[in-house]
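Listed here are the chains, written in short residue letters.
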Amino acid sequence: MIELLTHSVILAADTFEGDGGLWLLALGPAGAVGLYWMLYRFYRNTDKSHAYERETLVEAQPVTGDDRKVDEVRGVSNSSISGNNVNRFRDRVRRLPPSRTDG
Amino acid sequence: MTNPPPIQPPPYQPPAGSPVPDGAGPGSPQEVPPTPGEHPIDPATLPEAIQDELLAPDPPVLDTSSPELQDGLNRCPNCGSTDVELRPATGMLVCLFCRTEWSSERVEEAYGLGGDLSELRGTVVASGAQDIDTGADTLITMKCGACGAEVVINTENQVGARCHWCRHTLTLAEQVPNGAVPDAVLPFRITKQDAIGRIRQFVDKRRLFALKRFKEEFTPENVVGVYLPYMVVDGNVGAEVFGVGEIETRRYTRGSDENKKTYYDADVYQVRRQVDFTVDDLTIESSAERANLDTKVNTNNIINTILPFDTKNAVKWNASYLTGYTSEKRDQDVAALQPTLEHQLLSIARAEVAGSVRRYDRGVRWEQERLDVHGTRWVAMHLPVWLYSYYEVRGGRGLVHYIAVNARTGETMGSVPVQQWKLLVAALTVGTVLEAVAIAALVVLS
């Protein structure tokens, strides 16, 4: 088992050889913290709540909208847009006043 | 002979030195009140905006009271006995004398809660969900409909009592404005034995690192059946979101072999999305204590997780469904729950539009959002939960761990206290092994 693990780690180190494989030293602490949190959550379930976004009966009309190209960015090192919240449905952003007052 | 002119009474002079007392006079509560809907000025002569406000109908109220139960006696339709309780296996009420079974009407049909939600306008609040009168007494005195004796019910923790004279069971049917009586109740379906089995199964999967004392004291037979208060909300809304999205156009690496780095080029778009939708039976905690989901001080998120319930099967309020179970009172009004509702509606809107921005492979940063609530309908309900609790004291602070079973769907969730040192030892052991492997790999590579 440990032999297999070592083999996998060597293969991974070969792939990311850039910094001489020193990042491998973070494997131990990262593994310890990761396991602790995984087990803690499995027992305590502190990350659970009602998933009302997908567990509520919603009947939606087709989504409308528009998309306008406004700029181009070159040579950025982030693999995704900064502040990406497309899947963080519960993160509230600036609230605009209602467009109609029939509520 | 001419007739003398008719004698005219002298004009009325108010007695000198008796001014109109403060607070009296025209328009004061001391005058005879105007009839409802009467205005001193004809509204038709006023500007349209004022006219609309004056002539607007009163806020709609869904009357869910049960006049047939107002005498407090929920009688068996066959023999007239008031010894009635819920039979979870069938979800029906059963008479303990003649074993007749019957059920209250489903609120969905009784109050027309189905129908097209896109027609919903304004805020419709059912009579059991009206604002709580903070001055309303929790002790309700009921007159026994059978013998006339007066029986006191403490609505903090019960909605029924037995008449100490004639032994009839009295149940609270009147919607007193203290939050104790909702519009509807969803009866227990999962039996206690079934709940015990589910809780045992849940804990059995989490024994290795569980707190030793918790394991020793674990007695799922102590599970309690409790009706918790919720607001069940239908909504007709529109939402609009604005943000920035990026599409990757090129990916490349720069630098030497030792210091390679990946860079990206992307097109930036201004994105707007709009969606109209209706939500059916969104369920919100209407007890402030239960709605507090701070996992540092409580485990209420466990009870929140077992939502949703099959609220379509809720029946008209009848306190006999609560016999043998405990219940909690609602303490939140519609206005207090509005921010929670709006937060959930906006979250749903964001989830709905997510599929339409998939082409932005570098993601979207939503920056502004707008919610137009066209209509909402609020119904107060008691929903059934089997609750097992364990009180843990650590570092001088107490924490109640819940294991909860949805008494309709059987969904089970819980918080099992952990033995911290065991968990740390396990994590450190695995970390040490991984570190040893990493060092071995570095040695091989060098």
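See above for the structure.
Remember, it's a predicted structure, so these values are computed and weren't measured experimentally.

It is worth spelling out the overall build of chain A at this point. Of the regular secondary structure elements, chain A holds three helices and three strands. Along chain A, helices and strands appear, N-terminal first, in the series α-α-α-β-β-β. Counting all 103 residues of chain A, 26% fall into the buried class. Here chain A displays about 6900 Å² of accessible surface, and carbon together with sulfur accounts for 57% of that area.

This next bit is on the overall build of chain B. What chain B contains, in helices and strands, is eight helices and 17 strands. Here chain B holds 446 residues, and 49% of them are scored as buried. Long-range pairs, those at least 24 residues apart, make up 73% of the contacts in chain B between residues at least 6 apart in sequence. As presented, chain B carries roughly 22200 Å² of accessible surface, and 53% of it is formed by carbon and sulfur atoms.

Right, let's get into the packing of aromatic side chains. According to the stated counting rule, one finds 16 aromatic pairs over all chains in the structure shown. Here the aromatic rings of Y43 of chain A and F209 of chain B are separated by 6.2 Å at their centres, their planes lie at 75°, and the arrangement is edge-to-face. Of this pair, Y43 of chain A sits in helix α2 (residues 27-44) while F209 of chain B sits in the loop between α3 (192-204) and α4 (212-217), placing the two residues on different chains. Given the relative accessible area of 2%, Y43 of chain A is considered buried. These aromatic residues form a ring-pair network of at least three members: F188, Y227, Y325 and W386 of chain B. Across the ring face of F42 of chain A, the terminal group of R206 of chain B is positioned such that the distance to the ring centre comes to 4.1 Å. The aromatic ring of Y252 of chain B is capped on one face by R250 of chain B, whose charged end is 4.1 Å from the ring centroid.

This part is about unusual backbone geometry. All names here are of chain B. In this chain, L307 is followed by P308 through a cis amide linkage whose omega measures 5°. If you trace the backbone, P308 turns up in the loop between α6 (300-305) and β13 (315-316). Here the phi dihedral of D281 falls at roughly 60°; this positive angle occurs in a residue that is not glycine. The residue D281 is located in strand β12 (residues 261-285) in this model. You can call D281 buried: its relative accessible area is 14%.

Turning to the interface of chain B and chain A, a few remarks are in order. Each partner contributes residues to the interface: chain B has 100 residues there, and chain A has 81 residues. Around 7900 Å² of area is buried between chain B and chain A when both sides are counted, 56% of it from carbon and sulfur atoms. When the buried area of chain B at its contact with chain A is split by residue, R350, R362 and E369 of chain B rank highest and sum to 8% of it. The interface formed by chain B and chain A includes five salt bridges. Residue K69 of chain A is joined to D267 of chain B by a salt bridge in which the shortest nitrogen-to-oxygen separation is 3.4 Å. At the boundary of chain B and chain A, one finds 54 residue pairs in polar contact (both at pLDDT 80 or more). Here the side of chain B that touches chain A takes 20 residues from β12 of chain B, the largest share from any one element. Grouping the constituent residues of the side of chain B that touches chain A by class yields 51 nonpolar, 25 polar and 24 charged. Summarising the sheet, strand β1 (residues 57-60) of chain A and β12 of chain B pair through four bridges and their orientation is antiparallel.

What sets the pattern is the α-helix's 3.6 residues per turn: residues three or four places apart point alike. For α3 of chain B, with 13 residues, the first-to-last C-alpha span of 18 Å sits near the 18 Å given by 1.5 Å per residue. Residues of α3 of chain B that are buried in the fold lie against α4, β15 (364-394), β16 (397-406) and β17 (412-414) of chain B.

All right, on to the packing of α2 of chain A against helix α8 (residues 420-445) of chain B then. Contact pair α2 of chain A / α8 of chain B: the axes reach a minimum separation of 7 Å and the direction vectors enclose 150°. Between α2 of chain A and α8 of chain B, the crossing angle belongs to the class labelled roughly antiparallel. The chirality of how α2 of chain A crosses α8 of chain B is right-handed. Here L27, G28, P29, G31, A32, L35, Y36, L39 and Y40 of chain A of α2 of chain A lie close against α8 of chain B, whose contacting residues are Q420, L423, L424, A426, A427, V430, G431, L434, E435 and A438 of chain B. Looking at the contact of α2 of chain A with α8 of chain B, its residues break down into 14 nonpolar, four polar and one charged.

Residue and element names in this part refer to chain B. Going residue by residue along strand β7 (residues 150-154), you find V151 and I153 tucked away on one face and E150, V152 and N154 left uncovered on the opposite face. Where strand β6 (residues 139-143) meets β7, five bridges bridge the pair, whose relative direction is antiparallel. Residue pairing in the sheet places K143 in a bridge with E150 of β7.

Let us now look at the nonpolar core. Counting residues in each nonpolar core, the largest one holds 81 residues, and the members touching the most others are F214, Y227, Y321, M381, V385 and W386 of chain B. The greatest single-element share of this core, amounting to eight residues, is contributed by β15 of chain B. Judged by nonpolar contacts, the second largest core, of 34 residues, contains V86 of chain A together with L282, I348 and V357 of chain B.

When the charged atoms of two side chains lie near each other, side chains of opposite charge can form a pair. All told, the structure shown has 34 salt bridges over all chains when counted by the stated rule. Of the charged contacts, one joins E72 of chain A and K69 of chain A as a salt bridge, the two residues approaching to 2.8 Å between their closest N and O atoms. Residue class for E72 of chain A comes out partly exposed when judged on its relative accessible area of 37%. Put simply, R408 of chain B and D310 of chain B hold a salt bridge, and the shortest N to O gap is 2.9 Å. In this pair, R408 of chain B is assigned in the loop between β16 and β17 and D310 of chain B in the loop between α6 and β13, connecting sequence segments 98 residues apart. Three or more residues are tied together by salt bridges with common partners; here these are D66 of chain A together with E240, R272 and R370 of chain B.

Calculation notes
Residues numbered from 1 in each chain as written. Chains lettered and ligands numbered in written order. Predicted model: local features only at pLDDT ≥ 70, side-chain atom pairs only at ≥ 80, totals over all residues. Heavy atoms only, no water. Helix = DSSP H or I, 4+ residues; strand = E, 2+ residues; numbered from the N terminus. Buried < 20%, exposed > 50% of the residue type's maximum accessible area, 1.4 Å probe, protein only. Areas by Shrake-Rupley, 256 points an atom, 1.4 Å probe, with all protein chains shown as cover. Contact = heavy atoms within 4.5 Å. Phe/Tyr/Trp six-rings, centres within 6.5 Å; stacked < 30°, edge-to-face > 60°. Lys NZ or Arg CZ within 6 Å of the ring centre and 35° of its normal. Buried area = accessible area lost by both parts, 1.4 Å probe. Salt bridge = Lys/Arg side-chain N within 4 Å of Asp/Glu carboxyl O. Polar contact = N/O pair within 3.5 Å; in protein donor to acceptor, adjacent residues only side chain to side chain. Nonpolar A, V, L, I, M, F, W, Y, C, P; charged D, E, K, R; others polar. Pairing = 2+ DSSP bridges. Expected span 1.5 Å × (residues − 1). Axes fitted to C-alpha atoms, helices over the stretch in contact; angles between N-to-C directions. Parallel < 35°, antiparallel > 145°, perpendicular 65-115°, else oblique. Left-handed = near helix turned anticlockwise from the far one by under 90°. Core = buried A, V, L, I, M, F, W, Y, C linked by side-chain atoms within 4.5 Å.

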